[in-house]
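As a plain string of letters, each chain reads:
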Amino acid sequence: MLFTKKTLTEDGFTGFRPLDELDPMRIPQGPGIFVVLRPAGFEPVFLNKSTAGTFKKKDPSLKREALASEWLTDASVLYIGKASAGSQGNRGLRKQIQEFMDYGRGRPTVVWDARLIWQLRDALDLVIAWKELPPEGLSAAEADYHAAFISAHGRLPFANLVQARARK
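First, a word on scope: everything that follows refers to the structure included in this document. (Residues numbered from 1 in each chain as written. Predicted model: local features only at pLDDT ≥ 70, side-chain atom pairs only at ≥ 80, totals over all residues. Heavy atoms only, no water.)

## Description of the environment of F34
Part 1 of the reasoning: Counting through the fold element by element, F34 comes out in strand 2 (residues 32-37).
Part 2 of the reasoning: The spacing of F34 and I128 is 94 residues in sequence and 7.0 Å in space, taken between C-alpha atoms.
Part 3 of the reasoning: Apart from residues lying up to four places away in sequence, F34 is in contact with F13, Y79, I80, G81, K82, L93, Q96, I97, I128, A129 and W130. (Helix = DSSP H or I, 4+ residues; strand = E, 2+ residues; numbered from the N terminus. Contact = heavy atoms within 4.5 Å.)

Below, the structure written as structure tokens:
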């Protein structure tokens, strides 16, 4: 898979909204996978300090050199994440993406893995898309997308710091 808007659309992803125009009420409530992509012409400018909130009182900021070493110049996808239904069945894409956005606005959260997104100067220009999936296949799907991305690019997307593994 090439991980472009075209191939993601062909694979069932929808949405493709810039983060600054995102209406959470238009995001499905079910579980699924979501991706953050950079629009055409997007060039990274790394902030010294992340706009993201803290997690367990830890600063989410990395040094510019560390951010630059994670950047893939030939990849459109910057992050691949999952949104499970949660133990109470009340989570899903809408809630997970809303928490991701709240995190970028400085609120504390548990969306630590995607923190590099919020150290990009023009993060709100990035685009988000999603694909609803049944809960029982979600972990395997996330692991498969991570593996396919690594196969295509040699490593994980910019803001994915940990490779997903399918739970047995």
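So that's the structure; there's more coming.
## Comments concerning the pairing of strand 2
Part 1 of the reasoning: For strand 2, the tally of buried residues reaches 6 of 6 residues, placing the bulk of the element in the interior.
Part 2 of the reasoning: Both faces of strand 2 are covered, namely the face carrying G32, F34 and V36 and the face carrying I33, V35 and L37.
Part 3 of the reasoning: Note that strand 2 and strand 3 (residues 77-83) share 6 bridges and pair antiparallel. Looking across to strand 3, one finds that V35 is bridged to I80.
Part 4 of the reasoning: Pairing between strand 2 and strand 4 (residues 127-132): 6 bridges, direction antiparallel. Paired with I33 across the two strands is K131, which belongs to strand 4. (Buried < 20%, exposed > 50% of the residue type's maximum accessible area, 1.4 Å probe, protein only. Pairing = 2+ DSSP bridges.)

## A word on the packing of aromatic side chains
Part 1 of the reasoning: Within this structure, the stated rule accounts for 11 aromatic pairs.
Part 2 of the reasoning: Three or more aromatic residues joined by ring pairs form one cluster here, namely F3, F13, Y145 and F149. (Phe/Tyr/Trp six-rings, centres within 6.5 Å; stacked < 30°, edge-to-face > 60°.)

## Here's the deal with the pattern of salt bridges
Part 1 of the reasoning: By the definition in use, this model includes 8 salt bridges.
Part 2 of the reasoning: In this structure, D102 and R105 form a salt bridge, with 3.7 Å as the shortest nitrogen-oxygen distance.
Part 3 of the reasoning: One salt-bridge network, held together by shared partners, links D102, R105 and R107. (Salt bridge = Lys/Arg side-chain N within 4 Å of Asp/Glu carboxyl O.)

## A look at the sheet that holds strand 3
Part 1 of the reasoning: Strand order across the open sheet formed by 4 strands is 1-4-2-3, with antiparallel pairing between neighbours. In this open sheet, the two edge strands, each paired with only one partner strand, are strand 1 (14-18) and strand 3. Taken over all neighbouring pairs, the strand axes of this sheet differ in orientation by 20° on average, direction set aside.
Part 2 of the reasoning: Against the sheet, helix 4 (residues 138-153) touches strand 2, strand 3 and strand 4, its axis set at about 165° to strand 3. (Axes fitted to C-alpha atoms, helices over the stretch in contact; angles between N-to-C directions.)

## Comments concerning the environment of I27
Part 1 of the reasoning: Within the secondary structure, I27 is located in the loop between strand 1 and strand 2.
Part 2 of the reasoning: Here the alpha-carbon distance between I27 and A83, two residues 56 residues apart in the chain, equals 12 Å.
Part 3 of the reasoning: Sequence-distant contacts of I27, that is, excluding residues within four places in its chain, are made with L22, L93, R94, I97 and W130.

## Quick notes on helix 4
Part 1 of the reasoning: The terminal C-alpha atoms of helix 4, which comprises 16 residues, lie 22 Å apart, in line with the 22 Å expected from a rise of 1.5 Å per residue.
Part 2 of the reasoning: Residues of helix 4 that are buried include every one of L138, S139, A141, E142, A143, Y145, H146, F149 and H153, and no others.
Part 3 of the reasoning: Buried residues in helix 4 make contact with strand 2, strand 3 and strand 4.
Part 4 of the reasoning: The first or second residue beyond helix 4 is G154, which carries a positive phi of 85°. (Expected span 1.5 Å × (residues − 1).)

## Re unusual backbone geometry
Part 1 of the reasoning: Positive phi, normally seen in glycine, also occurs at F3, with a value near 60°.
Part 2 of the reasoning: The topology assignment puts F3 in the segment before helix 1 (5-10).
Part 3 of the reasoning: Since its relative accessible area comes to 1%, F3 is described here as buried.
Part 4 of the reasoning: The backbone phi angle of F16 is positive, close to 45°, even though this residue is not glycine.
Part 5 of the reasoning: Assignment of secondary structure puts F16 in strand 1.

## Notes on the pairing of strand 4
Part 1 of the reasoning: When you tally the buried positions in strand 4, you get 5 out of 6 residues, the bulk of the element.
Part 2 of the reasoning: Bridge analysis of strand 1 against strand 4 gives 3 bridges, and the strand direction is antiparallel. Within strand 4, the position partnered with P18 by the bridge is V127.

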